[in-house]
Amino acid sequence: MGRHRAKLAVALVVVGAVLGACVGSSTPDASGGTTTTAGGESGASPSTSRAISGIDAADGLGDPLYPDLGNAGYDVQHVDGSIRLDTSSGRLQGHAEIEAIALDNLDSWSVDLDVLFPSEVLVNGAAAKWTHEGGELRIDPDAVVQKGESFLMSIAYSGLTEPYDSPAATFMMGMQRSQDGFFALSEPDGTSSWMPANDHPSDKATYRLAISVPGPLVAAASGTLIDTVQGDDGFITYTFETRDPVAPYLLAFGVGGFKRVEEQSAAGVDIRNYFDVDIRESSLSIFDRQGEMIDFLAERFGPYPFEVYGAMVLETSEVAVALETQTLSTFGTQILGLGEEVVIHELAHQWFGDSVSLRRWNDIWLNEGFATYTQWLWIEETRGPEFRDVRIAQSYDLMSGRQFLNGTDSEPVAAAQAYRQFSPAGSPRADDIFNASVYLRGGLTLHALRLEVGDEDFFEIARTFQKQFAYGNADTADFVATVAAVTGRDLTDFLNAWLYDEAMPPIPSLGLSPLTG
Ligand SMILES: [Zn+2]
């Protein structure tokens, strides 16, 4: 995610009022489709008639920062989603066909779904009992789904889209209004506010999304546009398909007055941009070198990992944001002032974050450190190493607390202020995963590593890590192991000091040292 963001107006904080527990049955003859019973009934009645007993897979797959996200009972393979969005009212009607493989014998399991409400749930075509409470849709079919079995969940849902009050950040997530339409901002857990999901980066799947919007508005999403159908009712349905698996939070979703602009990088990577027609051409010039940037990064990190790339730029008025949505990064107009750096930042995430995704959210520095460091590589390429070093020194002084010496002449006071403000890059707090440290100290960690091992090994580490974990997941231990495999050196202590110590390690060759705390 781009790191310069304004907080959304408090007026948008409207989702907090909790939606009462909803309990339903999808049997066609159920009176009114839903019934209410004592809340929290999970359908775990003992099943003497069942040959195999299953477990009630617990809510959440155990992420250390966000234990409630996702479900460990199944692995989603493919999602076929249809979304019809009335942009005047904000009403969304959706249907998701989720193909998954059971990782245990399942009596019941949960799917993340917030803000919107389910109306029908089928498992393998048969009506299933379900409950919906606290952002968890618990599905309890009649038959146990056996371990290893591939099964299909069909979920119909609808409601008024609202931004989602994520525990992870001080700004609103999920579906946001732009000047002309809507867009999704889903890191880390906002996808479940617009479609049912196993909402954790460790469960990647391929997606087919059919998005219907009132013409002449245009819908854009991750992957390749495979079909456009004009309906009799004035709605146009745009269907997208991803070739490669996507973590739920990285699904691009946007509706706006877009023009689609296609080009190709010199090395042959297809680019299609969706630019809001009302944005001035001069503001969009920061995307002129996109093809060059793709080829620049491919030389350093390995081939561009996906079938296509592009930027979706929406006219926004409230939030300065960019997000590395897979194959189609999302940008609001307020962020464009940051120039080419924000363009290459989100592009770098396609390698680090999107192709190689996090196994747990604590390690978000792996995403943001690489993306931030890539900004500095672009400065090095376009302006020279001395400008890169100026940026590195500024970042170091911010992280170490030296900048706070303007307000105090006491080094311990300034250092303490930095420790309060910036968590160590490798251990952000659950309510602050976008702390500046995961970006800047993450980037500094990589530069310190480059200085320690030399350019050749450093870029070999990046390419090896990328190649080994492409289209999958990795954590900090995997990265440390890759460093050892490439260099033949155990740099665990070196990296641990950069990632987890309160005080900044020095970078002697640049004359950078921590304050005396
Ligand atoms: Zn980022």
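Residues numbered from 1 in each chain as written. Predicted model: local features only at pLDDT ≥ 70, side-chain atom pairs only at ≥ 80, totals over all residues. Heavy atoms only, no water.

Undergrad: Before we move on, could you go through the environment of Ala-430 and cite the residues and values that matter?
TA: Structurally, Ala-430 is set in the loop between α5 (411-421) and α6 (436-453). Classification of Ala-430 by relative accessible area gives partly exposed; the value is 27%. Through-space distance from the C-alpha of Ala-430 to that of Ala-168 is 5.7 Å; in sequence the pair is 262 residues apart. Setting aside residues no more than four positions away along its own chain, Ala-430 makes contact with Leu-65, Tyr-66, Pro-167 and Ala-168. (Helix = DSSP H or I, 4+ residues; strand = E, 2+ residues; numbered from the N terminus. Buried < 20%, exposed > 50% of the residue type's maximum accessible area, 1.4 Å probe, protein only. Contact = heavy atoms within 4.5 Å.)

Undergrad: I'd like a rundown of the environment of Ala-126, residues and numbers included.
TA: Relative to the helices and strands, Ala-126 is located in strand β7 (residues 126-127). Judged by relative accessible area, which is 42%, Ala-126 ranks as partly exposed. Taking C-alpha positions, Ala-126 is 23 Å from Ala-58, a pair spaced 68 residues apart along the chain.

Undergrad: Could you give me a rundown of the packing of aromatic side chains, with the residues and numbers involved?
TA: Counted by the stated rule, this structure contains 25 aromatic pairs. Look at Phe-370 and Phe-479: their rings are 5.9 Å apart centre to centre, the planes differ by 85°, and that puts the pair in the edge-to-face class. Placement of the pair is Phe-370 in helix α3 (residues 365-383) and Phe-479 in helix α8 (residues 476-487), with a sequence separation of 109 residues. There is no split in this pair, since Phe-370 and Phe-479 are both buried. Their ring planes at 55° and their centres at 5.4 Å tell us that Phe-465 and Phe-469 sit as a pair that is tilted. (Phe/Tyr/Trp six-rings, centres within 6.5 Å; stacked < 30°, edge-to-face > 60°.)

Undergrad: I'd like a description of the pairing of strand β3 (residues 74-86), backed by residues and values.
TA: In the sheet, β3 pairs with strand β4 (residues 91-102) via 12 bridges, with the strands oriented antiparallel. In the sheet register, Asp-80 faces β4, and the bridge partner there is Glu-97. Counting the residues between successive antiparallel strands, the hairpin from β3 to β4 contains four residues, one of them, Gly-90, with a positive phi of roughly 80°. Two strands pair when backbone bridges link them, and β3 and strand β14 (residues 206-214) are joined in this way by seven bridges, in the parallel orientation. When the bridges of β14 are listed, Gly-81 appears paired with Leu-209. (Pairing = 2+ DSSP bridges.)

Undergrad: Pulling in residues and values, what's your account of the domain arrangement of the chain?
TA: In many analyses, interface size is given as the accessible surface area lost on bringing the parts together. Here the chain is described as being made up of domain 1 (21-27 + 56-256), domain 2 (281-351) and domain 3 (358-510). Using C-alpha coordinates to define each centre, domain 1 is positioned 25 Å away from domain 2. The partner domain 2 presents 18 residues to the 27 residues of domain 1 that form the contact. Of the roughly 1,700 Å² buried where domain 1 meets domain 2, counting both sides, 62% is carbon and sulfur surface. Broken down residue by residue, the surface that domain 1 buries against domain 2 is led by Gln-179, Phe-183 and Leu-250, which jointly contribute 27%. Along the contact surface separating domain 1 from domain 2 lie seven residue pairs in polar contact (both at pLDDT 80 or more). When residues of the side of domain 1 that touches domain 2 are traced back to their parent elements, those giving at least two are β13 (182-185), β15 (218-221) and β18 (253-256). (Domains from an automatic or database assignment. Buried area = accessible area lost by both parts, 1.4 Å probe. Polar contact = N/O pair within 3.5 Å; in protein donor to acceptor, adjacent residues only side chain to side chain.)

Undergrad: Before we move on, could you go through empty space enclosed by the protein and cite the residues and values that matter?
TA: If you walk through the whole model with that rule in mind, you get four cavities of 30 Å³ or more. Taken as a whole, the largest cavity spans an internal volume of roughly 60 Å³. In terms of lining residues, the largest cavity is bounded by Val-76, Val-79, Ile-98, Pro-196, Ala-197, Asn-198, Asp-203, Tyr-207 and Pro-248. Of the residues that constitute the lining of the largest cavity, the class distribution is seven nonpolar, one polar and one charged. (1 Å grid on protein atoms, 1.4 Å probe; cavity = no way out; pocket = protein on both sides within 12 Å on 5 of 7 lines; lining within 4 Å. Points joined across faces, edges and corners; volume = space filled by probe spheres on them. Nonpolar A, V, L, I, M, F, W, Y, C, P; charged D, E, K, R; others polar.)

Undergrad: For the sheet that holds β13, give the residues involved together with the corresponding values.
TA: The five strands are arranged β11-β12-β13-β18-β15 in an open sheet whose pairing can be described as antiparallel. On the outer flanks of this sheet lie β11 (163-164) and β15, each paired with one strand and no other. By the bridge criterion, two bridges tie β11 to strand β12 (residues 173-177) in an arrangement that is antiparallel. Note on β12: the bridge partner recorded for Pro-163 is Gly-174.

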